[in-house]
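These are the residues of each chain, in order.
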Amino acid sequence: MRARKPALLLAEGTHGVNLLILLLRRSRGTVALAVCFGLLTGAASAGLIARINAVLSSGGTLVDRATVLGFAALGALMLGSRIGAQLLLTRLQTSTTFALRDQLSQRILATPLRQLEELGNHRLMATLIDDIQAVTQGLLCIPPLLIHSGIIVGCMTYLAVMSRMVFAALFIFATLGVASYLLPMRHIMGLLRHSRQTNDRFFRDLRSLTQGLKELKLHGGRRKAFLKQELFPTAEMLKQLQVRVSTLHTLTTSWSMSLFFFFIGLLLFVLPGVAPVSASTLVGYTLAVLYLQQPLEASMTLLPMLGAGTVALRHIDTLALDPAGTASEPLLSGAEEAPAPPSRIDLVGVTHAYRREGEDTPFTLGPIDLTLRPGELLFVVGGNGSGKTTLAKLITGLYAPESGEIRVDGRPVTEGDRERYRQLFATVFSDFHLFDSLLGLAVGEKTDKARAYLERLQLQRKVRIEENGKLSTTDLSAGQRKRLALLTAYLEDRPVYLFDEWAADQDPQFKEVFYRELLPDLKAAGKAVVIISHDSRYFDVADRLVRLESGAIVSEESAAGSQQLSPRVVPA
Ligand SMILES: Nc1ncnc2c1ncn2[C@@H]1O[C@H](COP(=O)(O)OP(=O)(O)OP(=O)(O)O)[C@@H](O)[C@H]1O
C-alpha cells in the first residue's frame, strides 16, 4: 500500500461521526473494494441457493457436470470474496485503531493544559483505555457486518426475482421485524450512553483507589465508606446497566428472529390457499429465509457493540480536544534545541482566572508586570494559594494569558509561537513527573555530563545512567527524585530555569548546596532563574524578590532596594 500522510480521523467538529466514516476517512478505496467483495459474497450465496433450489425442485434430475462445476465455482467465489472482504477490512480496522490511539495521544498533547486540568485525569484515562477499546470492538464488527449485509442483499435480490408477490409479503414482514428491533435499540443506545457517563465516575473511583492506597489502608472507616458509598455503588450501577442492555437485546433479537419462523409458517400453510405459488418458489423461499437467519442473527448480535463504539467515539468528541492534525507537525518535529537566549522576557498586565461552576468569585492572578533577565535570580514568594504556581505556568507558557501579553525581547508571544516560547524553559514543578529515561536529551554526547551532575547531586551511588539514557531506577526518596528531576533540567540547558519549591523536600545540607552553590552557578552561566520558595533563610541569595498576595504582586525587592506596590485591579 502507498505510504501517505495519515488521514485526520477525528478533527474538530466531527460530532456525530460514526465508525464507518472513520474507516472511510482512513481509506475510501479499501472500504469500496471491501464493499464490492461483500456484494460478491452475497451474489455468490444467492447463486448457491438458486442452484440448491433448482436441484431440489428437479427431484434430483439436474445433477450433471455443469451444475456440479457451477456449484463448486460459486462456492469458491463466495469463499474468495468473503476472505478478501474480511482481510481488507480487518487490516484497515487494525491500522485505524492504532492511528486513532496515536492521534488521540497527540490531541491530548496539543490541547491547552488548563483545558486538560478541567477535564481531569480520570476522564482522559477513561478515554484512552475504555473509549479506544470500545471503538476497537466496534470497528471489529464492521467487516462481518458488511459481509452479512452483502449476503442479505444477494438473497433478497434472488427472492425478488423469484416471486415479486411473495417478496412483497416478505418485505412487509422484514420491515416490521426491523422496526421492532430498531425501536428497543434506541433505548439500548440511551443505556449505553448512560453507561459511558458512569464509566467516567468509575475511573475517578479507581484513581482514588490506586492513589489513596495509604489513606485507605490506614483508616478502616474511610475505607469502608469509600467502598460502600463510592466504588461499589458505581460498579453496581455499571453492572445493572450492562444487564439491562443484554436482557433487552436478547429479548429483541429473539423476537425478531421468531418472526422468520412466523413468516415461513405463513408461506407454507397460508399463502398457497390465498394465491397460486409454485412448489419451487416455496422451497426456494424457505431455503433462502432459513439461510438469511444466520447473517441476520449475527448482525443483530454485533449491532450493540457497534453502538457502544459509536457512543465512545462521540464521547471522545465531547472532550473537545484540539485537532491533532494542525498540532502533530510541531508535536513530532518540535524544536529540540532551545531558541537563542533572549535578553529579556516581559510579562505585561498578564492575568489568569480559575472559573469553577457555582463559584461567584474565582481566584484571579494579576494583572502581573514582571521582567526576567539573564544572569538574574528572581525569587517568587508568598503564602499558600497566593498564586505562585499559577504565575509559574503563565511565565512558562503552559497557560496562555487571558489578558495582557508576554514579550520576548519586546516581541509579543502569539498563539502560533507559544510552543517555541515554551522551549526556552527548563523546569522542576512541585508535581513534576520523572521519566525513567533521559528522553529527548541526545544522551550519547551528554552521558559524561549527566554522570558528573549525578555526582554533584550526590546520587552516583543510587542511580546509574545507561548508554541509551535509561536510568537504572527511579524508586527513590522524594528528595532524591527531585534531584534527578533537577539533573534532567540541567541537561536541557535552556536559557530560563524555573523551580517550584524545589528545595522543600531537601535536607538542610542539600538545601545549602542548592541555594549557595547550584543557583549561583546557573546565574554565572547567564541563565535567568525563577525560584518559588518558602525558604526565607535563603532570600538573601535573590537578585530580586517579588511577593505575591491573593494573586497580586504586593512588593518587589531587589539587591539595589525595595519597592512596595499597590495591587492593580483586574478589569471586569
Ligand atoms: N487547577 C485549578 N483549578 C481551580 N483553581 C485552582 C487550580 N489550581 C489552583 N487553583 C486556585 O488558585 C489559587 C492559587 O493557587 P496556586 O497553586 O497558584 O498557589 P500557590 O501560591 O502556588 O500555593 P502553594 O504555596 O500552596 O503551592 C488557589 O486559591 C487555588 O485554589
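The structure presented is a predicted model; accordingly, all values stated were derived computationally and were not measured. (Residues numbered from 1 in each chain as written. Predicted model: local features only at pLDDT ≥ 70, side-chain atom pairs only at ≥ 80, totals over all residues. Heavy atoms only, no water.)

Regarding the environment of His148
Here His148 shows up in helix H5 (residues 121-162). Sequence-wise, His148 and Glu467 are 319 residues apart; in three dimensions their C-alpha atoms are separated by 55 Å. Leave out the neighbours within four places in its chain, and His148 touches Arg82, Gln294, Pro295, Ala298, Ser299 and Leu302. (Helix = DSSP H or I, 4+ residues; strand = E, 2+ residues; numbered from the N terminus. Contact = heavy atoms within 4.5 Å.)

Description of the site of the ligand
In the vicinity of the ligand, 15 residues are found, and the nearest of them are Gly385, Gly387, Lys388, Thr389 and Thr390. Contact distances for the ligand include 3.4 Å between a nitrogen atom and a side-chain N or O atom of Arg114. (Near = heavy atom within 4 Å. Polar contact = N/O pair within 3.5 Å; in protein donor to acceptor, adjacent residues only side chain to side chain.)

Let's talk about the pairing of strand E2 (residues 363-372)
Taking burial as the measure, the 10 residues of E2 include seven buried ones, the bulk of the element. Pairing of strand E1 (residues 345-354) with E2, which is carried by seven bridges, proceeds in the antiparallel orientation. Bridging across to E2, Ile345 finds its partner in Leu372. (Buried < 20%, exposed > 50% of the residue type's maximum accessible area, 1.4 Å probe, protein only. Pairing = 2+ DSSP bridges.)

As for the nonpolar core
One broad trend across soluble globular proteins is that nonpolar side chains are buried collectively. Membership of the largest hydrophobic core comes to 41 residues, with the highest contact counts inside it found for Phe379, Phe499, Phe514, Tyr515 and Leu519. For this core, the secondary structure elements donating two or more residues are strand E3 (377-382), strand E6 (425-428), helix H13 (443-456), helix H14 (478-492), strand E7 (496-500), helix H15 (508-524) and strand E8 (528-532). Apart from residues no more than four positions distant in its own chain, Phe379 is found in contact with Tyr515, Leu519, Ile531, Ser533, Tyr538, Phe539, Val541, Ala542, Arg544, Leu545 and Val546. Core analysis: the second largest hydrophobic core is formed by 37 residues, Tyr158, Leu191, Phe263 and Val289 among them. (Core = buried A, V, L, I, M, F, W, Y, C linked by side-chain atoms within 4.5 Å.)

What about the pattern of salt bridges?
In total, this model carries 28 salt bridges according to the counting rule given. Glu117 is the partner of Arg114 in a salt bridge, and the nearest nitrogen-oxygen pair spans 2.9 Å. Within this pair, Arg114 and its partner Glu117 are both found in helix H4 (residues 113-119), separated by three residues, close to a single helical turn. We note a salt bridge from Arg464 to Glu466, for which the minimum N-O separation is 3.1 Å. Three or more residues are tied together by salt bridges with common partners; here these are Arg114, Glu117, Glu118 and Lys393. (Salt bridge = Lys/Arg side-chain N within 4 Å of Asp/Glu carboxyl O.)

Focus on the packing of helix H2 (residues 28-57) against H5
Close contact between H2 and H5 brings their axes to 7 Å; oriented N to C, the two are set at 45 degrees. Compared by their axis directions, H2 and H5 come out oblique. Helix-helix and strand crossings are classified by hand; for H2 and H5 the assignment is right-handed. Between H2, through Val35, Gly38, Leu39, Thr41, Gly42, Ala43, Ser45, Ala46, Ile49, Ala50 and Asn53, and H5, the contact on the second element is made entirely by Leu146, Ile147, Gly150, Ile151, Val153, Gly154, Cys155, Tyr158 and Met162. Across the contact of H2 with H5, the residue classes break down as 13 nonpolar, seven polar and no charged. (Axes fitted to C-alpha atoms, helices over the stretch in contact; angles between N-to-C directions. Parallel < 35°, antiparallel > 145°, perpendicular 65-115°, else oblique. Left-handed = near helix turned anticlockwise from the far one by under 90°. Nonpolar A, V, L, I, M, F, W, Y, C, P; charged D, E, K, R; others polar.)

Some remarks on the sheet that holds strand E5 (residues 411-412)
As summarised here, the arrangement of the four strands in space is E2-E1-E4-E5, forming an open sheet in which the pairing is antiparallel. Whereas interior strands pair on both sides, the edge strands pair on one side only; in this sheet they are E2 and E5. Examined bridge by bridge, E1 and strand E4 (residues 403-408) share five bridges and lie antiparallel to one another. If you follow Ile345 over to E4, its bridge partner there is Val408.

All we've got here are geometric facts, nothing functional implied.
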